[in-house]
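Structural characterization, general
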Amino acid sequence: MFVHGIGGLRDAAEERREWLNALADGARAAGHADAVSGLTQGRLAETRFADYSDLFTDPDAQGAEAIPGAGALGGPEDRQDTEFMTAFVRALIDEVDHQARERGDRRTAAVAEDALAQLPDEDGEDDQEQGVASRSAYWAGS
């Protein structure tokens, strides 16, 4: 799922193509050239580009005036949103990791491990060494 930031109106089909090509370039650069054609041709994964750019053409469309403090970086709503999204992404990564371990898929598990290491820990800190070590230990023992 590709999700854009706030900006002008977008051509979702064109941006999906561009972002998919960029993802394929990154996969090649990371040594996963064998997966590129499956990725770009939709055999490995289905991709969508969430285009909601038309919802924000009105300057007040996000409700900044209606909700005091809404959208303020570091404000209560911002922290709450960040905590929710971090927990949501962590749950997705954990599920991918779980499925990879069940299948014995070390490559996907390694990607999940790397993704998890990039998330802040439960206290909002950026150190995930303990979680990474425990996942690495799983593969070392198999």
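Let us look at the structure shown here. Going along each chain's sequence as written, the residues are numbered from 1 onward. Residue-level local features of this predicted model are given only where pLDDT is at least 70; pairs of side-chain atoms are given and counted only at 80 or more, and the full residue set underlies all totals for whole chains, interfaces and linings. Hydrogens and waters are ignored; side-chain quantities use all the structure's heavy atoms.

The next point concerns the overall build of the protein chain. Secondary structure elements follow DSSP: runs of H or I no shorter than four residues count as helices, runs of E no shorter than two count as strands, and numbering proceeds from the N terminus. Check the secondary structure of the protein chain and you find five helices and two strands. Starting at the N terminus, the α and β elements of the protein chain follow one another as β-α-α-β-α-α-α. The buried label goes to any residue with under 20% of its type's maximum accessible area, the exposed label to any with over 50%, and the partly exposed label to all in between, with areas taken from a 1.4 Å probe on protein chains only. Residues counted as buried form 20% of the 142 residues belonging to the protein chain. Residues are treated as being in contact if the distance between any of their heavy atoms lies within 4.5 Å. Within the protein chain, counting contacts between residues at least 6 apart in sequence, those at least 24 apart form 49% of the total. Calculation of accessible area relied on Shrake-Rupley with a 1.4 Å probe; when residues are assessed, cover is drawn exclusively from the protein chains displayed. With the model as given, the accessible surface of the protein chain reaches about 9,900 Å², and the carbon-plus-sulfur share is 53%.

Each helix should span, by expectation, one fewer than its residue count multiplied by 1.5 Å. The terminal C-alpha atoms of helix 1 (residues 12-29) lie 25 Å apart, and with 18 residues this matches the ideal 26 Å at 1.5 Å per residue to within 8%. All of the buried residues along helix 1 are Glu15, Leu20, Ala24 and Ala27. Those residues of helix 1 that are buried lie in contact with strand 1 (2-3), helix 2 (36-40) and strand 2 (49-50). Looking one or two places after helix 1, you find Gly31, whose phi comes out positive at around 90 degrees.

Turning our attention to the pattern of salt bridges. Each salt bridge in this description consists of a side-chain nitrogen of Lys or Arg and a carboxyl oxygen of Asp or Glu lying within 4 Å of one another. In this structure the tally under the stated criterion is six salt bridges. A salt bridge links Arg17 to Glu14; the shortest N-O distance between them is 2.8 Å. Taken together, the residues span about one helical turn, with Arg17 and Glu14 both in helix 1 at a distance of three residues. What makes Arg17 partly exposed here is its relative accessible area of 44%.

Let's shift gears to the layout of surface pockets. The volume enclosed by the largest pocket comes to roughly 810 Å³. Of all the secondary structure elements, the ones that give two or more residues to the lining of the largest pocket are helix 1, helix 2, helix 3 (76-103) and helix 4 (106-117). A per-element tally of the lining of the largest pocket places helix 4 first, with five residues. For this classification, the nonpolar set comprises Ala, Val, Leu, Ile, Met, Phe, Trp, Tyr, Cys and Pro, the charged set comprises Asp, Glu, Lys and Arg, and every other residue, Gly included, is treated as polar. Within the lining of the largest pocket, the residues separate by chemical class into 16 nonpolar, three polar and two charged. Both cavities and pockets are sets of points on a 1 Å grid over the protein atoms alone; in a cavity a 1.4 Å probe fits but cannot get out, in a pocket the set is open with protein on both sides within 12 Å along at least five of seven lines, and lining residues sit with an atom within 4 Å of a point. Grid points are joined across faces, edges and corners, and a volume is the space filled by probe spheres set on the points.

Right, let's talk about the packing of aromatic side chains for a bit. Aromatic rings from Phe, Tyr and Trp, taking only the six-membered ring of Trp, are treated as a pair when their centres fall within 6.5 Å; an angle between ring planes under 30 degrees marks them as stacked, one over 60 as edge-to-face, and anything in between as tilted. By the definition in use, this model includes one aromatic pair. Residues Phe84 and Phe88 carry aromatic rings whose centres are separated by 6.1 Å and whose planes lie at 10 degrees to one another, so their mutual orientation is stacked. In this pair, Phe84 and Phe88 are both assigned in helix 3, four residues apart and thus about one turn of the helix distant.

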